[in-house]
Amino acid sequence: MTIEAVLPLLENARRILLTSHESPDGDAIGTELGLARILRDAGRDVAIWNHHATPPVYRALPGADSIHVGPTPPPGFPDAFDLAVVLECPTLDRTGLEARLSALPLVNIDHHLGNSSYGVAAWVDVAAPAVAVLIAQVARRLGWAIDPLAASCLLVALASDTGGFRFSNATPAAFEAAAALVRDGASPELASTWIHESQSEGSVRLLGELLRTLVLHHEGRVATVHLTRAMFARAGAAAGDSEGLVDTPRSIAGVEAVALLREVEEDVWKISLRSRGDVDVQSIARRFDGGGHRNAAGCRAGGALEELRGRFASALAHAVEEAHRGA
């Protein structure tokens, strides 16, 4: 599972489909758009297909309006493509498109623990701070240009996956990769604008709804918040408008772990988990067939809101205690 496994396939393919996980976030969108620009500059035909829509905050990224969205494949699929590159997905079902994607040879590029090495070729580097870093390495190995906008998209992905270089994966390699992207022409100012200053009105109003649900647990070291479908309706917000809101309760002094419960249908919730330092939320998400990183993970769970709030608050409190015992 090294870079050597994927280079020949990427070099020889001429028509390439890119995809990533359901509910794509900044690292998924930034990596897809950055890689798409690199491939097109190298003379390839490229399309991006995601199951869910791009969050509004990332729709200003160049090329975002051309992403094909939904369960129906893009025109010409599968005959119009030589292969599909699956990014950021430890298992193929994380795409939400697995039944269709199986019609193509798959190249699997990821950095998550537990990747099943599916596809005709896989490169999984769990030490990489973001898949965007791996994509930059591919481009450099193949002699492909990374233009300033592609570099800026990859910088968005790297900054998103490291929580603005605050998570545990903000390693020296992350900063070295960021410096290399800036040398390629990436604009930190532009990337910051895309991430932090492109919020929709619905997202800001939704934050007001979310803050009214704040509950502190475990002597103020754990916080939980929730968003219902009714709250989205009142705010005039779409599902993607909740991107990044989980970080607000984590900013409270003394809070070490947070759970945001977002209602996707009756008694079904998408759970976003965040933490500080050595508090491991990935292990909690994996109990519910989710995943992520130590300080940022997610999953789905079914049940009544208050029962789930209690379960995740208890699990987070236990993770906080475990981190302090190991310190």
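Just above, that's the structure.
Enquirer: So what about the packing of aromatic side chains? Which residues, and what values?
Expert: For any two aromatic rings, the description comes down to two numbers: the centre-to-centre distance and the angle of the planes. Tallied over the entire structure, the rule returns 4 aromatic pairs. For the ring pair Phe-77 and Phe-81, a centre distance of 6.4 Å and an interplane angle of 50° mean the geometry is tilted. Judged by relative accessible area, which is 10%, Phe-81 ranks as buried. When the ring of Phe-165 is compared with that of Phe-175, the centres are 5.1 Å apart and the planes differ by 35°; the resulting orientation is tilted. Of this pair, Phe-165 sits in the loop between helix 5 (148-161) and helix 6 (172-183) while Phe-175 sits in helix 6, and the two are 10 residues apart along the sequence. In this structure an aromatic cluster arises from ring pairing among Trp-49, Phe-77 and Phe-81.

Enquirer: Describe in detail the sheet that holds strand 6 (residues 121-124), supporting the description with residues and values.
Expert: Read across the open sheet, the 6 strands follow the order 3-2-1-4-5-6; overall the sheet is parallel. A strand with exactly one partner marks an edge of an open sheet, and here the two such strands are strand 3 (68-69) and strand 6. Where strand 4 (residues 83-87) meets strand 5 (residues 106-110), 4 bridges bridge the pair, whose relative direction is parallel. Considered in strand 5, the bridge of Ala-84 is made with Leu-106.

Enquirer: Mind laying out the sheet that holds strand 9 (residues 257-265), listing which residues take part and the relevant values?
Expert: Strands in a sheet are paired, the pairing made by backbone hydrogen bonds, and the direction either parallel or antiparallel. Strand order in the open sheet formed by 6 strands is 7-8-9-10-12-11, with mixed pairing between adjacent strands. Strands at the two margins of the open sheet, each flanked by one partner only, are strand 7 (215-217) and strand 11 (291-292). Note: strand 10 (residues 268-275) against strand 12 (residues 296-302), 7 bridges, orientation antiparallel. Within the sheet, the bridge partner assigned to Ser-272 lies in strand 12 and is Gly-298.

Enquirer: How would you explain the side chain of Thr-228 if you had to name every residue and give the values?
Expert: Checked against the element boundaries, Thr-228 lands in the loop between strand 8 (222-227) and helix 9 (229-235). Take Thr-228: its relative accessible area is 18%, and that puts it in the buried class. Those residues within four positions of Thr-228 in sequence are excluded, and the remaining contacts are Glu-263 and Trp-269.

Enquirer: For unusual backbone geometry, give the residues involved together with the corresponding values.
Expert: Here Phe-77 and Pro-78 are connected by a cis peptide whose omega angle stands at 0°. Its place among the elements puts Pro-78 in the loop between strand 3 and strand 4. The phi dihedral of Glu-88 falls on the positive side, at around 70°, and the residue is not glycine. Relative to the assigned elements, Glu-88 resides in the loop between strand 4 and helix 3 (98-101).

Enquirer: Which residues make up the environment of Ala-151, and what values do they have?
Expert: For Ala-151, the position within the fold is in helix 5. For the pair formed by Ala-151 and Ala-186, sequence separation is 35 residues and the distance between their alpha carbons is 4.7 Å. The contact partners of Ala-151, leaving out residues within four places of it in the chain, are Ile-146, Leu-181, Asp-184, Gly-185 and Ala-186.

Enquirer: Kindly report on the nonpolar core, identifying the contributing residues and their values.
Expert: With 57 residues, the main nonpolar core has Leu-18, Val-85 and Ile-109 as its most contacted residues. Judged by nonpolar contacts, the second largest core, of 23 residues, contains Ala-257, Val-281, Leu-305 and Ala-317.

Enquirer: Before we move on, can you summarise the pairing of strand 4 with the specific residues and values?
Expert: Along any regular strand the residues' side chains alternate between the sheet's two faces. Across the 5 residues that make up strand 4, a large majority, 5, are buried. The side-chain alternation of strand 4 yields two buried faces, one formed by Leu-83, Val-85 and Leu-87 and the other by Ala-84 and Val-86. Across 4 bridges, strand 1 (residues 15-19) lies against strand 4 in parallel orientation. For Leu-17, the partnering residue across the bridge sits in strand 4 and is Ala-84.

Enquirer: Go over helix 7 (residues 188-196), please, and point to the residues and values.
Expert: All buried positions along helix 7 are accounted for by Ala-191, Trp-194 and Ile-195. Down the axis of helix 7, the sector holding all buried residues measures 95°, keeping them to one side. Exposed residues on helix 7 whose side chains face more than 90 degrees from its buried face are Glu-189 and His-196.

Conventions adopted
- Throughout, a residue's number is its position along its own chain's written sequence, starting from 1.
- Only residues with pLDDT of at least 70 are given local features in this predicted model, and only at 80 or more are side-chain atom pairs given and counted; all residues enter the totals for whole chains, interfaces and linings.
- The side-chain values count all of the structure's non-hydrogen atoms but skip hydrogen atoms and water molecules.
- Aromatic rings from Phe, Tyr and Trp, with only the six-membered ring used for Trp, were paired whenever their centres fell within 6.5 Å, and each pair was classed as stacked if the ring planes differed by under 30 degrees, edge-to-face if by over 60, and tilted otherwise.
- The buried label goes to any residue with under 20% of its type's maximum accessible area, the exposed label to any with over 50%, and the partly exposed label to all in between, with areas taken from a 1.4 Å probe on protein chains only.
- Starting at the N terminus, helices and strands are each numbered in turn, a helix being any DSSP run of H or I of at least four residues and a strand any DSSP run of E of at least two.
- If DSSP finds at least two bridges between two strands, the strands pair.
- Residues are treated as being in contact if the distance between any of their heavy atoms lies within 4.5 Å.
- By nonpolar core we mean a set of buried residues, namely Ala, Val, Leu, Ile, Met, Phe, Trp, Tyr and Cys, connected to one another through side-chain atoms within 4.5 Å.
- By arc we mean the arc of the directions from the helix axis to the C-beta atoms, nothing more.

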